[in-house]
Amino acid sequence: MTVVDTDRIVVAATRSAELNPDIAALPLTGAAPVFVKLPSGVTDELGGHRARPGRGRQRLIGVALLFVLWEAASLLGWIKPQDLAPPTAVVTTGAHLLSNGALLTALWASLQRVFWGLFVGVPLGALLALAAGLSRTGENLIDGNVQMLRFVPIIGLESLFVLWLGVGETAKIAMITLGVMFPIYVNTYAAIRSLDPRFGELADVLGLSQWARIRRIVLPAALPGFLVGLRMAMAVAWLLLVFAEQINASSGLGYLIVQAQTFFQSNVIVVCLVCYAVLGLLTDSLVRFIERVTLRWQPGR
Amino acid sequence: MSVGIVTATEPAMEFLAPSGAVWVRDLRRSFADREIVRGVDLRIAPGEFVALLGRSGSGKTTILRALAGLDGGVTGELYVPERRSVVFQDPRLLPWADVLGNVILGTQGSAAAARGAEALDEVGLAGHESDWPKTLSGGEAQRVALARALVREPHLLLLDEPFGALDALTRIRMHSLVVKLCERHHPAVLFVTHDVDEAILLADRVLVLSEGQISLDTAVEVAQPRLRSDHQFSALRSTLLAELGVDESTEGSTHTGDPIQIQ
Ligand SMILES: Nc1ncnc2c1ncn2[C@@H]1O[C@H](COP(=O)(O)OP(=O)(O)O)[C@@H](O)[C@H]1O
Ligand SMILES: [Mg+2]
């Protein structure tokens, strides 16, 4: 029975009492029992929530609504084009910048910086975390330093980097590298530290070699933390990239923004910002995809 | 079993060299000035199934960990086979390795996977090789742990209340499985438990640990198949319960009401 309103529930209870004299014989103390219909058929056999079909669509509609409002506000003159270009203008500007190659050149320059920053920073952070997580000496030597340096604002180091490395690519990549290292280190190290000590006992009992311990126990245990760190690192990388490119650069998305600013081209600025957002979203989905594939063993996935 | 002992003292050699699996003399262990194990002597023959009974907190796990080689803080003389396996009270499976990966953890060679699959078959889990541990029930997980212990073909199998967390029905099935596996592989077994019936059902010999010492060491003469209704069974149960300081008349024994018997 699908019981929703209270009247029917009481009716149902009374009726079952009629059918079953045992129930009727029970003294009625307090209120009649209230029934609820429990949800069923909403999860798949693995216990995960089935993606509701309307969910993605509703999110898209939400985004579309924002753009419509933005366009309407521009048409009505509430937003002046020199302050913020309307979406249609952004699209035409985007198409124009794509066709003349300016956008792709800038994207390519920016992507390279982020790539090299991650390429150096991620393994470095992970290696430091492993060294600190695997040995007391490593922990004593590394962790104190990292925990201290963590609170130095990376952006404040820009001047030092320029002093040491000049205004070229190296300074920008160095800053991204350093910024990326911290979230990777902190999260990976925390994951290794929180490893259940009973697994160490298991390794002793099974006579695992040092290498087998690392490969079979430490590395898989560190992976979830590492991936959390990676997602944070991606966000940090894009953030530092914009910053570095706006300070001094002769190429890249940040450079395009600074140029547009001097010529009051809010449409170009918005195009660049959209590019940042899309790139950030793409790298984040990439890490989430890696998580889905490599962490299937986790309960609740 | 070949006895590859390095240098054992005279009495240890006498026992181990012809046919011994475990030889322990004057085992002691203290935690912060409190002596938990107070001079335990223990001998286990190859293939012998010994149950170690004791109240919770009496030091059973401490002794088992000592025999496993996990505790560097013990004193006394201990000789154990090099090849030994432990099944803990919790299954202790690596959540990120599939069932087969857990079973063959630490075993090497190209035949490891085949042997692992064979061990899984023995514990009744054939076909579950690539399952994640999170999908297993408590009994299944403990059977995987048992397979992991057996795949190494141990000369000494150490079981620390391996079925303590399982429900009564699953436990009965695990008992017959352990009996079957021990008949086939014939390791020396030290089975730690606080359950008197479990000890009588499975063991060749029962030791009672109290006050940090072995206060009773008795062979189990109950005929196979061991039934709780057997009067020898209940006599031994009374003896053991009394030794553990349990008064049957007021407290009742642990599983006397259990209607299902191991066959
Ligand atoms: N690592 C330890 N540090 C301090 N006390 C311990 C430690 N291990 C065990 N003990 C103590 O030793 C006693 C026996 O423990 P244990 O051998 O685990 O008992 P059992 O397995 O018989 O229940 C307990 O009182 C426990 O508190
Ligand atoms: Mg214990």
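Residues numbered from 1 in each chain as written. Chains lettered and ligands numbered in written order. Predicted model: local features only at pLDDT ≥ 70, side-chain atom pairs only at ≥ 80, totals over all residues. Heavy atoms only, no water.

Caption draft 1: Structural context of the overall build of chain A. In terms of helices and strands, chain A carries 12 helices and zero strands. Traced from its N-terminal end to its C-terminal end, chain A shows the element sequence α-α-α-α-α-α-α-α-α-α-α-α. Counting only residues that meet the buried cut, chain A has 37% of its 301 residues in that class. For chain A, the computed accessible surface area is about 18600 Å², with 68% contributed by carbon and sulfur atoms. (Helix = DSSP H or I, 4+ residues; strand = E, 2+ residues; numbered from the N terminus. Buried < 20%, exposed > 50% of the residue type's maximum accessible area, 1.4 Å probe, protein only. Areas by Shrake-Rupley, 256 points an atom, 1.4 Å probe, with all protein chains shown as cover.)

Caption draft 2: Structural context of the overall build of chain B. Across its full length, chain B holds nine helices and nine strands. Out of the 263 residues in chain B, the part that is buried amounts to 50%. Intrachain contacts of chain B at a sequence separation of at least 6 include 68% that bridge at least 24 residues. By element, 48% of the accessible surface of chain B is carried by carbon and sulfur atoms, the whole surface being about 11700 Å². (Contact = heavy atoms within 4.5 Å.)

Caption draft 3: The confidence of the model for chain A, seen in detail. Mean pLDDT over chain A works out to 86, with 86% of the residues at or above the 70 mark. Counting interchain partners and residues more than four positions distant, the pLDDT-below-50 stretch residues 1–13 of chain A has 13 contacts. (pLDDT = per-residue confidence, 0-100.)

Caption draft 4: Focus on helix H4 (residues 112–122) of chain B. Residue and element names in this part refer to chain B. Within the sequence span of H4, burial applies to Ala112, Gly116, Ala119, Leu120 and Glu122. One side of H4 holds all its buried residues, which, seen down the axis, span an arc of 155 degrees. If you follow the buried residues of H4, they end up packed against helix H3 (99–103), helix H5 (138–150) and helix H6 (168–185). Directly beyond the C-terminal end of H4, a positive phi value near 80 degrees is found at Gly124. (Arc of directions from axis to C-beta.)

Caption draft 5: Focus on the site of ligand 1. All names here are of chain B. As a structural note, the neighbourhood of ligand 1 is formed by Phe31, Arg34, Ile36, Arg55, Ser56, Gly57, Ser58, Gly59, Lys60, Thr61 and Thr62. Ser58 is positioned with one of its backbone polar atoms (N or O) 3.2 Å from an oxygen atom of ligand 1. A distance of 3.0 Å separates an oxygen atom of ligand 1 from a polar backbone atom of Gly59. When ligand 1 is considered free in solution it has 560 Å² of accessible area, and contact with the protein chains removes 58% of it. The element contributing the most residues to the shell around ligand 1 is helix H2 (residues 60–68), with three residues. Taken together, the residues of the shell around ligand 1 sort by class into two nonpolar, six polar and three charged. (Near = heavy atom within 4 Å. Polar contact = N/O pair within 3.5 Å; in protein donor to acceptor, adjacent residues only side chain to side chain. Nonpolar A, V, L, I, M, F, W, Y, C, P; charged D, E, K, R; others polar.)

Caption draft 6: Up close: the packing of helix H4 (residues 87–99) of chain A against helix H5 (residues 102–134) of chain A. Residues and elements named next belong to chain A. It is at 4 Å that the axes of H4 and H5 come closest, and there the two elements cross at 75 degrees. Classified by the angle their axes make, H4 and H5 are roughly perpendicular. The residues of H5 that touch H4, namely those facing Gly94, Leu97 and Leu98, are Ala102, Leu103 and Leu104. For the contact of H4 with H5, the residue count by class is five nonpolar, one polar and no charged. (Axes fitted to C-alpha atoms, helices over the stretch in contact; angles between N-to-C directions. Parallel < 35°, antiparallel > 145°, perpendicular 65-115°, else oblique.)

Caption draft 7: Fine view of the packing of aromatic side chains. On inspection of all chains with the given rule, the structure shows 11 aromatic pairs over all chains. Taking the centre distance of 5.9 Å and the plane angle of 85 degrees together, the rings of A:Phe161 and A:Trp164 count as edge-to-face. A residue pair is termed a helical-turn pair when its members lie 3 or 4 positions apart in one helix, as A:Phe161 and A:Trp164 do in helix H7 (residues 158–165) at three residues. Among the aromatic residues, those joined into a ring-pair cluster are A:Phe115, A:Trp116 and A:Phe119. Positioned above the aromatic ring of B:Phe88 is the side chain of B:Arg92, whose terminal nitrogen or guanidinium carbon lies 3.7 Å from the ring centre. (Phe/Tyr/Trp six-rings, centres within 6.5 Å; stacked < 30°, edge-to-face > 60°. Lys NZ or Arg CZ within 6 Å of the ring centre and 35° of its normal.)

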